[in-house]
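Residues per chain are reported as follows:
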Amino acid sequence: MSTAEDSRYYNDHDDRVGGQKFRRKGRGPFRAPMYSDQGPGGPRPRLRGGQRGSGGPGPRARFDDEDGDVAMTDSSSQDGSSQHRFNPYGRQNRRGDDRFERGRRGGNRGRGNSRGDGGDHNTWFKMSIPHGKKYDKDWLITGLQNICSVPFTPVHFHTEGNRAQFYVDDSTTASALSRVSRKITDKDGYKVTVLMNPCPPPSFLQSELKPADLEHLKQCMAKRFDGSQQALDLNNIRIDPDLVSHNIDVTLNTKNSMRAVTKIIEENIPELVCLNLSNNKLFRLEYLSELVSKVPNLKILNLSHNELKTERELDKIKGLKLVELWLERNPLCDYFKDQTVYISAVRERFPRLLKLDGQDLPPPIVFDVEDTPAALPPCKPSYFCSEEIKSAILGFLQQYYSVYDSGDRQPLLDAYHDGAAFSLSVPFTMHNPSRCSLGDYHKDTRNLKKIKDPTSRFRLLKHTRLNVVAFLNELPKTQHDIASLNVDVNTFTNTLLSFTVSGVFKEVEGKSRDSVRAFSRVFITVPAGGTSLCIVNDELFVRNATTEEIRRAFVAPAPTPSSSPVPTLSAPQQEMLTNFSLKSGMNLEWSQKCLQDNEWDYIRAGRVFTDLKAHGKIPDVAFIK
C-alpha cells in the first residue's frame, strides 16, 4: 500500500516508463483510445483544460492530472474532426493547431488582417520544457532536433525557475516541436514535455549587437562574400554555425540586426552587386530601405522563401536599380492569379528589371533620362529688363561697393532713404559645423526660422539710414569680387526698382581674414533724381562659400584705378572727391575725372562743371550713383 510520501512523489513525476501501472488511470488493455492516438475519422478527441468545448478539468489539470500527460499537441489539426462545440469563453491558440498556420498561409489575402503586417503580431512562439533546468542544453536541443520533423534553431535558450525555454519564430516549427512532446525519455525514465505559447517578438531582439558580436558577424559575412562576383550570400544567416556557436542571434526582420548588416556592407563592400536574403523570415522591408543610398550598385536581390504578404513592401526599396529579383515562395506571390499582373506590379517598382524569379522578362521600355541627361542651355549671369535699367544698376553697384570696401562706409548715408530698413540673416541649422566661422554675423542674424519672438524680430531690424550705416560700419571689412556679381531684377515700375545681387567677398581683417563668403542681397530702391537710386529696404544674406565658389573667386584681374578710384587716392583727395560729388551730384568716377582734368583745383573744377552743365554737355551717366 502506497504512503502519502509515495503519492506526493509520483504526483510530481508519474510518467516514468514501467513502474506501478495500477496507479495510472485508463492504461489497461481496455483503456479508451488517447486523443493523441486518433487518426482522421476516429472518435471525438478528449478535450482538456481550457480548450474550447471542454467540460472537464480546469486549466491546472494539465499539470495535476495523475496520468501525467502534459503534452500540448496539435491533435485538433490532425484528426480532421469537425465536431468541436463552439465555446465563446474558451481560450484560443493554446494548442499547436492549425489556427496558427492559417494566419501565415495567406488565408486573409486581399482582406484586412487583425494581426497586421507590423512587428507586434504574434509571429513568435515560446517553447517551454517543464523541469528542463536539470537537463544538459546540448543533450536536450540535440534530442529535439533529431526527432522534430522541421529543422530549427533555438533562439535565446535560457532557464526560468525549473523550466528551460527558447523561442522559434514561425508556427510550423512551433507545431512540429509540440508534436514531439513526451517522445524523449531521459535517463531516469521520465518523458520530456514540450509546451508551446505564442508571444510577441522577444524584447532582446531590439537591443543592439555588442562590439564583439559585430566582429563575429563581420567575419561570418566575409566567409559568405564572393569577391569575384561582388556577391554576398546571407541565406538563412541566423542558423549559421559561426553565429550559433557564439549564441549570436541575427534576425534580419529586426531593425538593429539589419542596420548592423547594412553598416558592415557600407564600410567594407559598398560596391556590392548581388545580395541573397532568402530564408530569413522577412515579413517587411522597411529596414532594407537604407540599401538604396548605401549600396547604390546593387543589381541582383534575392528575397525568396520569406514571408512578404503584399507587393506594397517593395515600395520601400524601389529606389534600387535592380535588373534581377527573386520573390518566389512568398505569400504575396499567391495573391496574383495572373503572371502578367504579377510581373507588371513588380516592374512598376523596378522598371529596369530583366529577370524575375529566374525567368527572363521582355526588355523594359524606359526613358533613361538619368543616364543620358539632356544638355541644358547655359545659365545667363544676370537679368535686366532693359539696357537703361542695366546701366543704372551697374553704375549704382560700382559706386556702392567701392565705398563699402573702402574701409569707411559713412559716405553710404547718401545711398539710403531717411526711413530705410536693413536686416541680416545667416543659415540656421542645429548641427552647423561652421557656425563659429560666421560668428561676427550670427549675433545679429534675423533668421525667422530661429527668431520666434516678435520683440526680438523688431529689435534686429535696423531702422533709419543713420542706424543702417552705423550697423554696416560694425560688420567685418570686406573686398567684393565685382566679377562674381549676378543681378536679377525682380520688380520695376516708374516709382520702384527691386533687384537681387549675389556673389562672393572675402574678409580683409580679423581672425577670419581671407575667408571667402557668399552673399545674396535684395535692394528695394526708388528714384532719387535723374537716374540715381535711393535704397528704402536692404536685406543681406551671408553664408560660407562652397568649394567651387572659392575656386572661382577673384580669378579676374583687380579693378583698375580709373574704375575704382577711391582706394588709390590720398586722404585729402578722397575728402575733396566726396565733397565735389555731393555738391555737383555726379558720381565718384565723373567727379574724379573732373578734378583730375583741372589738376585737383576744387574751385576751377567747380566752374568748369557749372559751365558744361549749363550747355548740356555732361552725359546722364555721370549722375548715376
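All values derive from a computational prediction rather than experimental measurement.

Rules used in this analysis
- Every chain is numbered on its own, with residues counted from 1 as its sequence reads.
- Totals for whole chains, interfaces and linings use every residue, but because this is a predicted model, local features are given only for residues with pLDDT of at least 70 and side-chain atom pairs only at 80 or more, for both listing and counting.
- Side-chain figures throughout are based on the complete set of non-hydrogen atoms in the structure, without hydrogens or water.
- Segments assigned H or I by DSSP are reported as helices when at least four residues long, segments assigned E as strands when at least two residues long, and all are numbered from the N terminus.
- The buried label applies to any residue whose accessible area, calculated with a 1.4 Å probe on protein chains only, is under 20% of its type's maximum; exposed applies above 50%, and partly exposed to all values in between.
- We get accessible surface area from the Shrake-Rupley algorithm with a probe of 1.4 Å; when it comes to residues, only the shown protein chains can shield them.
- As a per-residue measure, pLDDT tells how confident the predictor is, with possible values from 0 to 100.
- Pairs of residues are marked as contacts when any of their non-hydrogen atoms sit within 4.5 Å.
- The definition of a nonpolar core used throughout is a set of buried Ala, Val, Leu, Ile, Met, Phe, Trp, Tyr and Cys residues joined through side-chain atoms within 4.5 Å.
- A pair of strands is considered paired only if DSSP assigns at least 2 bridges between the two.
- Note on definitions: angles span 0 to 180 degrees between N-to-C directions of axes, and those axes are lines fitted to C-alpha atoms, for helices only across the stretch in contact.
- Only one rule defines a salt bridge in this text: a Lys or Arg side-chain nitrogen within 4 Å of an Asp or Glu carboxyl oxygen.
- When an angle is under 35 degrees it counts as roughly parallel; over 145 it counts as roughly antiparallel; between 65 and 115 it counts as roughly perpendicular; any other value is oblique.
- For a crossing to be left-handed, the near helix must be turned anticlockwise from the far one by less than a right angle; the clockwise case is right-handed.
- Three classes are used: nonpolar for Ala, Val, Leu, Ile, Met, Phe, Trp, Tyr, Cys and Pro, charged for Asp, Glu, Lys and Arg, and polar for all others, with Gly counted as polar.
- As used here, the arc is the angular range of directions from the helix axis to the C-beta atoms.
- For the purposes of these results, a polar contact is taken to be a pair of N or O atoms within 3.5 Å, where, inside protein, one atom must be able to donate a hydrogen and its partner to accept one; residues adjacent in sequence count only when each atom of the pair is a side-chain atom.
- Here the aromatic set is Phe, Tyr and Trp, taking the six-membered ring for Trp, and pairing holds for ring centres within 6.5 Å; pairs whose planes are under 30 degrees apart are stacked, those over 60 apart are edge-to-face, and all others are tilted.
- Whether a charge lies above a ring is judged from NZ of Lys or CZ of Arg, which has to be within 6 Å of the ring centre and within 35 degrees of the ring normal.

**Some thoughts on the overall build of the protein chain**
Looking only at helices and strands, the protein chain has 20 helices and 18 strands in total. Burial statistics for the protein chain: of 625 residues in total, 41% are counted as buried. By element, 52% of the accessible surface of the protein chain is carried by carbon and sulfur atoms, the whole surface being about 34300 Å².

**Some words on the confidence of the model for the protein chain**
Averaged over the protein chain, the pLDDT score is 76; the fraction of residues at 70 or greater is 74%. Under a pLDDT of 50 for its full length, residues 430-436 has, in the predicted model, four contacts with residues more than four places off or in other chains. A low-confidence stretch, residues 558-567 stays under pLDDT 50, and its non-local contacts, those more than four residues away or across chains, total nine contacts.

**So, the nonpolar core**
Counting residues in hydrophobic clusters, the biggest one holds 50 residues, and the most contacted among them are Ile393, Leu397, Tyr400, Tyr416, Leu472, Phe499 and Phe523. Considering each element in turn, this core owes the most residues, eight residues, to helix α13 (residues 387-404). Those residues in contact with phenylalanine 499 that lie beyond four places of it in its chain are Ile393, Phe396, Leu397, Val487, Asp488, Val489, Asn490, Arg521, Val522, Phe523, Thr525 and Leu533. Residues Cys220, Leu243, Met258 and Val295 belong to the second largest nonpolar core, which totals 46 residues.

**Quick notes on the sheet that holds strand β5 (residues 225-226)**
Reading across from one edge, β5-β6-β7-β8-β9-β10-β11 is the order of the seven strands in this open sheet, with mixed pairing throughout. Each edge of the open sheet carries a strand with a single partner, namely β5 and β11 (359-360). Inspection of the sheet shows strand β9 (residues 324-326) paired to strand β10 (residues 355-356) by two bridges, in the parallel sense. Across the sheet, leucine 325 pairs through a bridge with leucine 356, a residue of β10.

**A look at the sheet that holds strand β4 (residues 195-199)**
Strands sit in the order β2-β3-β1-β4 across an open sheet of four strands; the sheet is antiparallel. Looking along the sheet, the strands with just one partner apiece sit at the ends: β2 (155-160) and β4. Along the sheet, successive strands turn relative to each other by an average axial angle of 25°, direction set aside. Examined bridge by bridge, β2 and strand β3 (residues 163-168) share four bridges and lie antiparallel to one another. Bridged to threonine 159 within β3 is alanine 164. Against the sheet, helix α6 (residues 171-179) engages β1 (124-129), β3 and β4, with an angle of about 20° to β1.

**Focus: the pattern of salt bridges**
Within the structure shown, the criterion is met by 17 salt bridges. Here aspartate 186 makes a salt bridge to lysine 134, at a shortest N to O gap of 3.9 Å. Note that aspartate 186 is positioned in the loop between α6 and β4 and lysine 134 in the loop between β1 and α5 (137-147), a separation of 52 residues in sequence. According to the relative accessible area criterion, lysine 134 is partly exposed, its value standing at 46%. With a closest N to O distance of 2.9 Å, glutamate 313 and lysine 316 form a salt bridge. The network of salt bridges with shared partners includes Glu266, Glu290 and Lys294.

**Things to note about the pairing of strand β17 (residues 516-527)**
Note that strand β16 (residues 497-507) and β17 share 10 bridges and pair antiparallel. Bridge pairing links phenylalanine 505 to arginine 517 in β17. Pairing analysis gives 11 bridges linking β17 to strand β18 (residues 533-544), with the strands arranged antiparallel. Across the sheet, residue phenylalanine 523 finds its bridge partner in β18, namely aspartate 538. Turn length for the β17-β18 hairpin, with the two strands adjacent in sequence and antiparallel, is five residues, and the turn residue glycine 529 shows positive phi of about 95°.

**A few points about the packing of helix α7 (residues 211-223) against helix α9 (residues 255-268)**
In the contact formed by α7 and α9, the axes pass within 11 Å of each other and the chain directions differ by 60°. In this view, α7 runs oblique relative to α9, as classed from their interaxial angle. In the packing of α7 onto α9, the handedness of the crossing is right-handed. Facing Leu214, Leu217, Lys218 and Met221 of α7, the residues of α9 in contact are Ala260, Val261, Ile264, Ile265 and Asn268. In terms of residue class, the contact of α7 with α9 is built from seven nonpolar, one polar and one charged.

**Quick word on helix α16 (residues 465-474)**
Among the residues of α16, Val468, Val469, Phe471 and Leu472 are the ones counted as buried. Buried residues of α16, viewed axially, fall in a sector of 160°; they line one side. The exposed residues of α16 that point more than 90 degrees off its buried face are Leu466 and Glu474. On its buried face, α16 sits against α13, β12 (416-425), β13 (462-463) and β17.

**Re the pairing of strand β15 (residues 486-492)**
Bridging between β15 and β16 involves six bridges; their strand directions are antiparallel. What sits directly across from phenylalanine 492, in β16, is leucine 497. With antiparallel pairing between neighbouring strands as the criterion, β15 and β16 make up a hairpin whose turn holds four residues.

**Considering the environment of arginine 347**
Relative to the helices and strands, arginine 347 resides in helix α12 (residues 339-349). The exposure class assigned to arginine 347 is buried, which follows from its relative accessible area of 17%. Here the side chain of arginine 347 touches leucine 353 through a polar contact of 2.7 Å, landing on its backbone oxygen.

**Side note on the environment of leucine 325**
Mapped onto the secondary structure, leucine 325 falls in strand β9. A relative accessible area of 0% places leucine 325 in the buried class. Once residues lying within four places of it in the same chain are set aside, the contact partners of leucine 325 are Leu301, Leu303, Val346, Phe350, Leu353, Lys355, Leu356 and Asp357.

**Quick notes on the packing of aromatic side chains**
This model, assessed by the stated rule, comprises 19 aromatic pairs. Each residue in the set Phe396, Tyr400, Tyr401, Tyr404, Tyr416, Phe499, Phe505, Phe519 and Phe523 is aromatic and connected to the rest through ring pairs, giving one cluster. Its guanidinium or amino end placed over the ring of tyrosine 404, arginine 409 lies 3.9 Å from that ring's centre, counting from NZ or CZ. Just above the ring of phenylalanine 554 sits the side chain of lysine 506; from NZ or CZ to the centre is 4.8 Å.

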